[in-house]
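# Analysis of the macromolecular model
Residues per chain are reported as follows:
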Amino acid sequence: MTGAEPRAAADPPTTRAVTVAALLAVLGRPAWWVLAIAGFLVRGGILAFLVAVVSLPSPLALSNVLGPVVLPVALGRVSAETVVVLGLAVGFVVSWLVVGGWFAAATEVSLIREAHGAARDEGLPTGPDRPRGRWLVTRSAAVHLLAHLPTLAAAAFATIEAIGVAYRELTNPSDAGPIALRVVVGTAVPIVIAVGLWLLGEIVGGFAARRVVLGDASVGRALVGAVDDVIGRPGGGLIMPVTTSAILIVDLAAVLAIVTVVWTEVRDRLARPLDDPLATALTVATLGAAWTLALVVTGLIAAWRSVALTFERDRVSASATRDSSRDRDNRGIHAPPTGG
């Protein structure tokens, strides 16, 4: 026998391998960046971008705005006007969650389908193709919302705690620092819990959405399967999405810090635009470039995170199909003979 004997089958790829493959696939497809940044912004990422250019009000301004709302709530004497304001705020948040969640789910479904097709074209392991089910976007939005129910509960608790801390700081300040910082420090534990549950909800909702799109699973089965993905496979079901999410958060903080620095310079220049028109124009152009850089890089990393989840779900599905087929073959080989 001459030459090396070829292996019967290639070794199945690991989570690390499909994560790297997802990055390479995303780098060559800028259209995916657009889908990812659109979904990221409507799911709440726009708030992070606004924080970079919106100056926090002074403690006196916050006291004038929040005082009439916080004090009655803290004392248990809620007026009709306060109820209306709180009702409008809750209605706005719920509408944003429903409408924005549906739009974000539409971008996610499209990106999942594109990534699944790319995995198949590039020879990566994929699960069996199933006919497209109905209401994929609505079901994907539903699993995300349901996965974030613990987040909403934790956020509500953190809000109640923040109102109590704000009341104490408004009536009896603990120090002379910014009131917003004092409120955040006073509610640090509930905020950390809410952020942790948000990240977990994003992971569970992401895997559940892929079970809906790729496996046509019902909302309930998709959520149960996604929880099993996270608990049963901590490497690919938890560590990988947490790592890519952490990279996204660090990137977002870095690029928005650049935007904040540039915006500070632009604001100072715009206060006296005629002093040096050329410098003002260049500063405004720099702000536009910084915003573009922030959107592009964030879209790239968000797309990588999304595609890595899809590739991982495909890898696990293909492995399960392969194991099931091997079990059937083994049962056929070792089954006792029947007949005469």
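See the structure shown above.
Residues numbered from 1 in each chain as written. Predicted model: local features only at pLDDT ≥ 70, side-chain atom pairs only at ≥ 80, totals over all residues. Heavy atoms only, no water.

## A few points about the layout of surface pockets
Quantified by volume, the second largest pocket comes out at close to 570 Å³. In this structure, the second largest pocket is lined by 26 residues; those nearest its centre are Pro 128, Arg 130, Val 213, Leu 214 and Gly 215. Counting only elements with at least two residues in the lining of the second largest pocket, the list comes to α4 (80–121), α8 (188–215), α9 (219–232) and α11 (277–334). The residue makeup of the lining of the second largest pocket, split by class, is eight nonpolar, seven polar and eleven charged. (1 Å grid on protein atoms, 1.4 Å probe; cavity = no way out; pocket = protein on both sides within 12 Å on 5 of 7 lines; lining within 4 Å. Points joined across faces, edges and corners; volume = space filled by probe spheres on them. Helix = DSSP H or I, 4+ residues; strand = E, 2+ residues; numbered from the N terminus. Nonpolar A, V, L, I, M, F, W, Y, C, P; charged D, E, K, R; others polar.)

## Regarding the environment of Asp 216
Among the secondary structure elements, Asp 216 is positioned in the loop between α8 and α9. Judged by its relative accessible area of 31%, Asp 216 is partly exposed. For the pair Asp 216 and Arg 139, spaced 77 residues apart in sequence, the C-alpha to C-alpha distance is 9.7 Å. Not counting residues up to four positions away in its chain, the partners in contact with Asp 216 are Arg 130, Gly 133, Leu 136, Arg 139, Arg 211 and Arg 221. (Buried < 20%, exposed > 50% of the residue type's maximum accessible area, 1.4 Å probe, protein only. Contact = heavy atoms within 4.5 Å.)

## Description of the side chain of Thr 107
Mapping Thr 107 onto the fold places it in helix α4. Setting aside residues up to four positions removed in sequence, Thr 107 forms contacts with Leu 35, Ala 38 and Gly 39.

## Brief notes about the nonpolar core
Within the largest apolar cluster, 58 residues are counted, with the highest numbers of intra-cluster contacts made by Val 26, Trp 32, Val 143, Val 307 and Phe 311. Elements represented by at least two residues in this core include exactly α1 (15–27), α2 (30–51), α4, α5 (136–147), α8, α9, α10 (234–271) and α11. (Core = buried A, V, L, I, M, F, W, Y, C linked by side-chain atoms within 4.5 Å.)

## Comments concerning helix α6 (residues 149–171)
Taking 1.5 Å per residue, 23 residues should reach 33 Å; α6 reaches 33 Å between its end C-alpha atoms and fits that length. Inspection of α6 places Thr 151, Ala 154, Ala 158, Val 165, Ala 166 and Glu 169 among the buried residues, and these make up the whole buried set. (Expected span 1.5 Å × (residues − 1).)

## As for the side chain of Arg 139
Of note, Arg 139 is situated in helix α5. Of note is the side chain of Arg 139, whose polar atom sits 2.8 Å from the backbone oxygen of Arg 134. Here the side chain of Arg 139 touches Ala 217 through a polar contact of 2.8 Å, landing on its backbone oxygen. (Polar contact = N/O pair within 3.5 Å; in protein donor to acceptor, adjacent residues only side chain to side chain.)

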